[in-house]
Amino acid sequence: ARSLVAGDRIDIQFSVSVPGAADRASLMFLQDVPVLATGTFSPAVQEGVAKANARYSTATLLLPVQDAMRLSFARQAGQITILLRGAKSSGMVEVT
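Each value, and the rule that gives it
Residues numbered from 1 in each chain as written. Predicted model: local features only at pLDDT ≥ 70, side-chain atom pairs only at ≥ 80, totals over all residues. Heavy atoms only, no water. Core = buried A, V, L, I, M, F, W, Y, C linked by side-chain atoms within 4.5 Å. Buried < 20%, exposed > 50% of the residue type's maximum accessible area, 1.4 Å probe, protein only. Helix = DSSP H or I, 4+ residues; strand = E, 2+ residues; numbered from the N terminus. Contact = heavy atoms within 4.5 Å. Pairing = 2+ DSSP bridges.

> I'd like to hear about the nonpolar core, residue by residue, with values.
Among the nonpolar cores identified, the biggest contains 12 residues, and these are Leu-4, Ile-10, Ile-12, Phe-14, Phe-29, Leu-30, Val-33, Val-35, Tyr-56, Leu-61, Leu-71 and Ala-74. When residues of this core are traced back to their parent elements, those giving at least two are strand E1 (9–17), strand E2 (24–38) and helix H2 (65–77). Per-element accounting of this core gives the leading share, four residues, to E2. Beyond its immediate chain neighbours, meaning those up to four positions away, Val-33 contacts Asp-8, Arg-9, Ile-10, Leu-61, Leu-62 and Leu-63.

> Summarise the pairing of E2; cite the residues concerned and give the values.
Here eight bridges tie E1 to E2, and the two strands are oriented antiparallel to one another. Bridging across to E2, Ile-12 finds its partner in Leu-30. Counted between consecutive antiparallel strands, the loop separating E1 from E2 contains six residues, among which Gly-20 sits at a positive phi close to 85°. Here E2 runs beside strand E3 (residues 59–61); their pairing, made up of three bridges, is antiparallel. Considered in E3, the bridge of Val-35 is made with Leu-61.

> An account of unusual backbone geometry is requested, with residue identities and associated values reported.
Its identity as a non-glycine residue notwithstanding, Asp-32 has a phi of 55°, on the positive side. Overall, Asp-32 belongs to the buried group, its relative accessible area being 17%.

Following this line, the structure appears as structure tokens:
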């Protein structure tokens, strides 16, 4: 919905087609990831921009190098979905 802004926290889901399976396999890939910026908007500029008016195709995330490399691979190997966390949500969620 293009409603991310700097300061938001997100979870990232990874989905991939599995040979021989009818459905895609999905897993919670990264959790509680801070958003540093979206598109060309810096946090200072975003304060004056309404979320609904923001148009961008990229998000800058704060990740350790290992997670950034895993995310780059995941983008090429399958599909990633960004899930916006609630304002009061924090920490990891156990997925079974």
